[in-house]
Structures are given as C-alpha cells and as structure tokens.
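Listed here are the chains, written in short residue letters.
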Amino acid sequence: MWWESKGHLEIKNNELYIANYSAVDLAKRFGTPIYVYNARRVIDNYQRFYNTLKKYADREVRVHYSMKANSNTYLLKILKEKGCWIDAVSPEEVLLAINLGFEENKILFTGSSLSHDDLLQVKPFKIRINVDSYSCLLKMKELDMKNEISFRIDPGIKGVGHNWKTITAGIEAHGHPIKFSIPIEELDFAIRLAIDLGFDIKGLHEHVGSNWLRKEEVDEFLETVKILVKKAKEVKSKFGINLDFLDLGGGPGIRYKEDQNEFPLEYYASNIFEILKDIETNAVSFEPGRYIVADAGILLVKVTEVKIRYGHIIVGVNSGFNHLIRPVLYNSYHEIVNCNNVEGEMEEVNIVGNLCETGDIFAAKRKISKVREGDILAILCAGAYGYSMSSRYNSRALPKEVVLDGERAYVCKEFYAKNEFYVSLT
C-alpha cells in the first residue's frame, strides 16, 4: 500500500500495525474512538525538517512547532527535548507551553482579534508578541507590556493553501476578506508607531497559507519570501533596525492520498536560503505543525452498523465530525483502512458518523476492503487538526488519545479517572 512505512504503518497477517502494534488490539485495549500517535514518527518528521533546513542554512534555524495542529502534552514534551521552539496562537497555548517547561523566550505568540484579557494573561512572561494590528500594539502600551515584538505582515500578493479557508495572505479568499496581518504598504507607519511607543522590534513574520505539496505552490511562497527580504532591507535602511529574525510561517504539507507527491523539502530549503543571502539576521524561523504530526496520528473507530440503502452500502462508525472535522470543513481526503481486513476484497461504501447531521460523512463512495460490524477502521494522517479541533457536539464525549513510544504507551489524563499514566505494551 502507498501509505506503508516500516516501523510506523505496516500490514501483518492482513491486519494493520501501528508502531509495531496491532491496531485491532490497541482498539480493544484502550477503546474507541481513539487517536493513536506514534512518538517516533513525530521525532523522525521533526528531525527531517530541521536537518534539511540546517543543511542549507547560513544562520540559526528556529523551528517553532505550531501548537494548534496538536497540543498533546507528551508530544510537546518530546519536541521540547529535541530543541523545538513554540508557535502559540492563544494565551492558553502560551500557558501550556510554559507549564511544560518551554523557555519563555522560545515562544512566539501570534494572536488574532486579541482582547485586553488575552494580553493580560501573557503579560507576566518574557515571550515575544507577533503583532498583526495597530489595536494590539495600542493595547500592549495601555497595559504597560514590555515584551519584544515582531510584525506579521501581508506580502501583498495572493496566499497559498489547500482550501480557501486556509489561505492567510492577500486581500480575499473565495470572496471573503482575510483578517490576518498588517498590509506591507502600512508597515512603515506601524514601525514608527511602535518606536514612538517604546517597543523593541525584533523580527518580521509572514504566513501565507497551509498544506502545500506541489513545486508550483512552493514557488508562489518563495515569491513572498523575496518580498519579505526586500522589506527587511528597507526597515534596516530607514529605521536602523537590525532584525534578529525573519519568520516564514508554516505551510509545508503531507501526502494524504495516493496520487499526491511528498513535500519537496530539499527544494523548499535550498531556495529559501538562496533568497535569504540578501539579508543579515541572526536567525530564520519556521512554524510547521502539520508536517511534524499529521501522518503520525491515526483515528481508530469501530464499525457499529452496515446497511444497504437504495443500493448504497452505509457503514456507520462510533465517531463523527465532532472528532475529525476536516472532511466536512475543508472537504479533505483521509485514507481509511479496515484494520481487520486490510487486503481483502474491495467494495464501494459510504463511511458515516454517529451525529444527527446529513453531512457527517468521513468518505462517500469510497472503495475499501470489505467491512463487517465490529471491525476497526483506521483514518490515517489524522494527527494534525484532528483532536485539536474536536468538540462535544450532540453532547458526545471527546475521543481518547494514546501515544505509543517504544514499549510504553502514554494515556492522556482527560479521559481517565487517574492522572496521565504509562502502560507497558509488552
């Protein structure tokens, strides 16, 4: 199968194995629905990303993991151990990162529509604030905040994203005005205001969208990097500011389906640092989330019913878009595997959830190996924007989470009477 990866996802005796453990056995042991994460895969993805960038870098590389993709505490801890920095988008994410031991100066807080209360929550900490509006700057002054800042700017050309809802640069996406960042032509005014208010400006930031795979999409992104570099040079000449860093945001995608290619990481890295030769900074920052955790996470669900309706096979499972909203929200594709019968005879089915919504569909008219009630289905590449976007819609419980790490499993505390705990898998 195209998704097989030694030590991560493998087929043994016609069953699916995750990190060398039977998915069927994991489902029986921990219950379903459950997110299963392979810790070793997360580290492999992080190291591949960091090492490739470092190979071409002429300055410090800072990888700010995007917490919004997946804020599982165990995964955050192992990323911290590898030297990862943090991209936080809410006060709650900032506080979680600090409580887990991340150094305050390694946290960049990029908020949206921030309130006074939001800023008051992070005021005690020496984190950097990534400012994306004049309102944020004025609130910080009003609250007597002394944090170092950077500016999130819009490069002035169309952003890049797998869905219009994930495009974060430009004037509009699909007819909807984009809310993020300060337009590049207004940056000089914003900098003068920040200087007058007494703020220490450390960097410029851009983020143009999410989940690119094609070389053409990377090329569009690289054009925005050129614009950012040009603006950084102007900032130095006009204001005498030697920026500590440029932050290029996130965006690198993963292969969700067979007809897609892997993200061209070498091309991405080599071209970025060729462009950056024109500007001196101490560091360059990146904000990957999906690339690090997406394919490391699998949502296991149980088939609760199989019925024929007007000639269509309807496969019902004990989960819904309250646990994985991406197919409904973004029309996203996730490969689905029958863990009990991976390589069996194929049939066309409709895999639906247990919510009272017509749109509660994981896959429509999808070919999958023959399914029976009680089988365990694995929804692949669900580690990013899966659990982190889950809800209790229909008053349903949240899914469980377990992290596999060698011979141990880390079971998250939220769903068990005890605190988080480890169990032996041997």
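The structure under discussion appears in the preceding block.
These numbers were taken from a predicted model, which means no experiment stands behind them.

1. Section: the packing of aromatic side chains
Summed over the entire model, instances satisfying the criterion amount to 16 aromatic pairs. With a centroid separation of 6.2 Å and 70 degrees between ring planes, the pair formed by Phe263 and Tyr291 is classed as edge-to-face. Of this pair, Phe263 sits in the loop between β14 (245–247) and α9 (265–275) while Tyr291 sits in helix α10 (residues 290–293); the two residues are 28 residues apart in sequence, bridging distant segments of the chain. Geometrically, the ring pair formed by Phe321 and Tyr393 is stacked, given 5.8 Å between the ring centres and 20 degrees between the ring planes. With a gap of 72 residues between them, Phe321 in the loop between β17 (312–317) and α11 (326–330) and Tyr393 in the loop between β21 (376–379) and β22 (400–405) connect regions that are remote in the sequence. Classification of Phe321 by relative accessible area gives buried; the value is 16%. These aromatic residues form a ring-pair network of at least three members: Phe49, Trp212, Phe221, Phe263, Tyr268, Phe273, Phe286 and Tyr291. In this arrangement the basic side chain of Lys257 is found over the ring face of Tyr333, its NZ or CZ atom lying 4.7 Å from the centre.

2. Section: the pairing of strand β1 (residues 9–12)
In this structure, β1 lies alongside strand β2 (residues 15–18), joined through 4 bridges in antiparallel fashion. Within β2, the residue paired with Lys12 across the bridge is Glu15.

3. Structural notes on the pattern of salt bridges
Side chains that carry opposite charge are capable of pairing whenever their charged atoms lie near each other. Inspection of every chain in the model, using the stated rule, returns 21 salt bridges. Here Glu234 makes a salt bridge to Lys231, at a shortest N to O gap of 3.1 Å. Within this pair, Glu234 and its partner Lys231 are both found in helix α8 (residues 215–239), separated by 3 residues, close to a single helical turn. For the salt bridge of Asp375 with Arg372, the shortest nitrogen-to-oxygen distance reads 4.0 Å. Several salt bridges converge on common partners, so that one network encompasses Glu60, Arg62, Arg128, Glu148 and Asp244.

4. Quick look at unusual backbone geometry
One can expect most non-glycine residues to show negative phi and most peptide bonds to be in trans. For the peptide bond that leads from Thr32 to Pro33, omega is -5 degrees, which places it in the cis range. Structurally, Pro33 is set in the loop between α1 (23–30) and β4 (34–38). Even without being a glycine, Asn394 presents a positive backbone phi close to 65 degrees. Mapped onto the secondary structure, Asn394 falls in the loop between β21 and β22. Residue Ser395 is not a glycine yet carries a positive backbone phi of 60 degrees. By the secondary structure assignment, Ser395 is in the loop between β21 and β22.

Conventions used here
- Residues numbered from 1 in each chain as written.
- Predicted model: local features only at pLDDT ≥ 70, side-chain atom pairs only at ≥ 80, totals over all residues.
- Heavy atoms only, no water.
- Phe/Tyr/Trp six-rings, centres within 6.5 Å; stacked < 30°, edge-to-face > 60°.
- Helix = DSSP H or I, 4+ residues; strand = E, 2+ residues; numbered from the N terminus.
- Buried < 20%, exposed > 50% of the residue type's maximum accessible area, 1.4 Å probe, protein only.
- Lys NZ or Arg CZ within 6 Å of the ring centre and 35° of its normal.
- Pairing = 2+ DSSP bridges.
- Salt bridge = Lys/Arg side-chain N within 4 Å of Asp/Glu carboxyl O.

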